[in-house]
Every structure is written in C-alpha cells, then in structure tokens.
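# Overview (structure and organization)
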Amino acid sequence: MEVKDSNGNLLIEGDSVTITKDLKVKGMAQALKRGTVVKNIRLTNSPSEVEGKAGGSMLVIKTEFVKRA
C-alpha cells in the first residue's frame, strides 16, 4: 500500500510532514496553522490518512492536507 502526500511524494513511517492548509480540529481550541510540522508520522490502514502528534494531541490527518517536509 502506497501512501502519498498532496504533491504525490511517497510517505513512509517516521517521516515529517508539513500541513498545507489551516485545519479546524474538533475538541481543540485553536486550528492547526498552515506550515505546522508533524514529526514521526505513522501510517494507518487507510492510504489517505496518516497519524501524528500536533498541538499536543495525537491526530489522524488526511494526506491531501500534508506535504513531505
């Protein structure tokens, strides 16, 4: 299963990604700002999602909103 970012680059476990769009997150007071770096991502069972820690919480982020850092 290949997981690709918004630019079509291949993502692997442990990569760092940058958020490309301000994202509102349920349960968080503030949105994640564009340019936020999420380090040490984990791949999920879905090729369109990755898991990582941002803003002090573990989040599942759609790959269409991230690019490889």
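Above this text is the structure in question.
The text that follows walks through the structure, step by step, so that each part is easy to find. (Residues numbered from 1 in each chain as written. Predicted model: local features only at pLDDT ≥ 70, side-chain atom pairs only at ≥ 80, totals over all residues. Heavy atoms only, no water.)

So, about the nonpolar core. Leu11, Val17, Val38, Ile41, Val50 and Ile61 are the most contacted members of the largest nonpolar core, which totals 13 residues. Taken together, the elements giving at least two residues each to this core come down to β3 (17-19), β6 (49-54) and β7 (57-62). If we skip the residues at most four places from it in the chain, Val17 touches Leu11, Thr36, Val37, Val38, Ile41, Val66, Lys67, Arg68 and Ala69. (Core = buried A, V, L, I, M, F, W, Y, C linked by side-chain atoms within 4.5 Å. Buried < 20%, exposed > 50% of the residue type's maximum accessible area, 1.4 Å probe, protein only. Helix = DSSP H or I, 4+ residues; strand = E, 2+ residues; numbered from the N terminus. Contact = heavy atoms within 4.5 Å.)

Our next topic: the pattern of salt bridges. Scanning all chains against the criterion turns up four salt bridges. Of the charged contacts in the structure, one is a salt bridge between Glu51 and Arg42, with a shortest N-O distance of 3.6 Å. For Arg42, a relative accessible area of 39% translates into the label partly exposed. (Salt bridge = Lys/Arg side-chain N within 4 Å of Asp/Glu carboxyl O.)

Strand order in this open sheet of three strands is β4-β3-β8, and the pairing throughout is antiparallel. Each edge of the open sheet carries a strand with a single partner, namely β4 (37-38) and β8 (66-68). Bridge count for β3 against β8 is three bridges, and the pairing is antiparallel. Following the sheet pairing, Thr18 is matched in β8 by Lys67. (Pairing = 2+ DSSP bridges.)

Bridge count between β6 and β7: six bridges; the pairing is antiparallel. Residue pairing across strands places Glu51 opposite Val60, the latter belonging to β7. A loop of two residues connects β6 with β7, the two strands running antiparallel in sequence, and Gly55 in this loop sits at a positive phi of about 65°.

Turning next to the sheet that holds β6. The strand order across the open sheet built from three strands is β5-β6-β7, with neighbouring strands paired in antiparallel fashion. For this open sheet the edge positions go to β5 (42-43) and β7, each flanked by a neighbour on one side alone.

Mapped onto the elements of the fold, Leu32 is located in the loop between β3 and β4. Spatially, the C-alpha atom of Leu32 lies 7.3 Å from that of Gly55, the residues being 23 residues apart in sequence. In contact with Leu32, not counting residues within four places along its chain, are Ile19, Lys21, Asp22, Leu23, Val25, Ala54, Gly55 and Leu59.

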